[in-house]
Each structure stands twice: as C-alpha cells, then as structure tokens.
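# Summary of structural features
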Amino acid sequence: MSLQVWVTESGVASPGESAKDRRNLLRDMHRLDYYRTHLGSLCAAVTKDSTNLAAYFAWSLLDAFEFSDGYKARYGIVHVDRTSQQLQRYPKLSAYWLSHHFFRYAPDSVACLEIRSCRASRSTMLPVR
C-alpha cells in the first residue's frame, strides 16, 4: 500500500487584488488559473502515476490576516468586505470553479467556464441562461 498524500495548503495571492474594485476583485482569473494548473497536475499524478492522493485543501476559504502582509495579500476564494459592518462575503470566480471541479456544482450565473475533471476526459461547459 502506498503512502497517502495530503495537500494541506494550496493557494496563491493575486497581485494587486486589494486595490481592485469588488467587480474586478471577484474575477480572480490569476487564482483560477493557478488552481486549474495545479489540480490538473494532481489529477495526472493520480490517474497516470497512481499517486494515493487522500486530501486536498485550498488555501484559503476567506481573505484573512496574513502575518507578513496583514490584510493586503488576499488568498481567499471568498472576498470579505471589511468596510461593511456585517463583513459581507462574496464568492470569487475561483470559488465557483473549485465547487464545480470537486462537486459538479456551480450556479448558472457563472457561464462558459471550461471545466475538466480527473474522471472525465471531455470538457463540460456550464449552461448559459
């Protein structure tokens, strides 16, 4: 039996994200491309090399305080609006992509994303309504 591999922190901060307005901040293509590339490599390791991948954790769910950068670096797939009294949360495009990649769920409002999974050799397109 091969050893289990656990990826416990996989994520990237998008350059200049904290200076963007909410609309552009939520379109985090840099982060989405990161996850697409890295998960594609993990899928290849699992399917081609029989890597025993037991767990994968995206870093991080929320934009949070980072010790070296404070609140400037944003790693989260969910934006936290620190200017709102309720700390309103908004899923970024990468959150929807990851949701579809792992669970085959994403709202119809996120349209025309090409998604590949480990188990399917063909691409699926989210419906446009």
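Residues numbered from 1 in each chain as written. Predicted model: local features only at pLDDT ≥ 70, side-chain atom pairs only at ≥ 80, totals over all residues. Heavy atoms only, no water.

### A look at the nonpolar core
Here is the rule we go by: Joining through side-chain atoms within 4.5 Å is the link that ties buried Ala, Val, Leu, Ile, Met, Phe, Trp, Tyr and Cys residues into a set, and such a set is a nonpolar core. Remark: exposure states derive from per-residue accessible area (1.4 Å probe, protein chains only) relative to the maximum for the residue type, with buried under 20%, exposed over 50%, and partly exposed in between. Counting from the N terminus, the helices are the DSSP runs of H or I reaching at least four residues and the strands are the DSSP runs of E reaching at least two.
Y35, L39, Y56, I77, W97 and L98 are the most contacted members of the largest nonpolar core, which has 13 residues in total. Only α2 (29-49) and α3 (93-103) provide two or more residues apiece to this core.

### Some remarks on the confidence of the model for the protein
What counts, and what does not: Across the chain, each position has a pLDDT score giving the predictor's confidence in that residue, from 0 to 100. Should any heavy atoms of two residues lie within 4.5 Å, those residues are considered in contact.
Within the protein, residue pLDDT values average 78, and 80% of them lie at 70 or more. Here residues 109-129 scores under 50 on pLDDT; set against residues more than four positions off or in separate chains, the count is 39 contacts.

### Side note on a nonpolar patch on the surface
Just so we agree on the cut-off: Within this analysis, patches are made of residues with over 30% relative accessible area and no salt bridge. Like charges are joined at 9 Å or less; nonpolar side chains (Val, Leu, Ile, Met, Phe, Trp, Tyr) at 5 Å or less. Using a 1.4 Å probe, accessible areas were evaluated by the Shrake-Rupley method; residue-level cover was limited to the displayed protein chains. Any carboxyl oxygen of Asp or Glu within 4 Å of a side-chain nitrogen of Lys or Arg constitutes a salt bridge here.
A contiguous nonpolar surface patch, about 420 Å² in accessible area, is contributed by F65, F67 and Y71. The topology assignment puts F67 in the loop between β2 (53-58) and β3 (78-80).

### Observations concerning α3
Within α3, eight of the eleven residues are buried, leaving the element largely enclosed by the surrounding structure. Taken as a whole, α3 has its buried residues at L93, S94, A95, W97, L98, S99, H100 and H101. Phi turns positive one or two residues past the end of α3, at R104, with a value near 60 degrees.

### Let's talk about the packing of aromatic side chains
Just so we agree on the cut-off: Centres within 6.5 Å are what make two rings of Phe, Tyr or Trp a pair, Trp counting through its six-membered ring; a difference in plane orientation under 30 degrees is then read as stacked, over 60 as edge-to-face, and the rest as tilted.
One pass over the full model with this rule turns up three aromatic pairs. Measuring from centroid to centroid gives 5.4 Å for Y34 and Y35, while their planes differ by 80 degrees, and the two rings are edge-to-face. Across the pair, exposure class does not vary: Y34 and Y35 are buried alike.

### Observations regarding the side chain of R74
Let me state the cut-off plainly: Each polar contact in these results corresponds to two N or O atoms within 3.5 Å; when the atoms are within protein, one needs to be able to donate a hydrogen and the other to accept it, and residues that are neighboring in sequence are counted only if both atoms are side-chain atoms.
Examined against the element boundaries, R74 turns out to sit in the loop between β2 and β3. A polar atom in the side chain of R74 sits 3.2 Å from the side chain of H79. Residues within four places of R74 in sequence aside, it is in contact with V12, A13, S14, E17, S18, L25, R31, D63, H79, V80, R82 and K92.

### Digging into α2
For the α-helix, the turn length of 3.6 residues means that residues three or four positions removed from each other point alike. For clarity, the threshold we go by: Multiply 1.5 Å by the residue count of a helix minus one, and that product is the helix's expected span. The arc in question is the one traced by the directions running from the helix axis out to the C-beta atoms.
With 21 residues, α2 extends 29 Å from end C-alpha to end C-alpha; this agrees with the ideal 30 Å at 1.5 Å per step. Residues of α2 that are buried include every one of R31, L32, Y34, Y35, L39, C43 and A45, and no others. Along the long axis of α2, the arc covered by the buried residues comes to 155 degrees, so they all point the same way. Residues of α2 that are exposed and angled more than 90 degrees away from the buried face: T37, K48 and D49. Two residues or fewer past α2, S50 is found with a positive phi of approximately 55 degrees.

### As for the environment of D28
Checked against the element boundaries, D28 lands in the loop between α1 (22-26) and α2. Owing to a relative accessible area of 3%, D28 belongs among the buried residues under this scheme. For the pair D28 and I77, spaced 49 residues apart in sequence, the C-alpha to C-alpha distance is 8.5 Å. If near-sequence neighbours (up to four positions away) are discounted, D28 is found in contact with S14, E17, K92, L93 and S94.

### A look at the side chain of H79
Structurally, the position occupied by H79 is in strand β3. Residue classification places H79 among the buried residues on the basis of a relative accessible area of 7%. Contact partners of H79, with chain neighbours within four places excluded, come to R22, L25, L26, D63, R74, Q88, R89, Y90 and K92.

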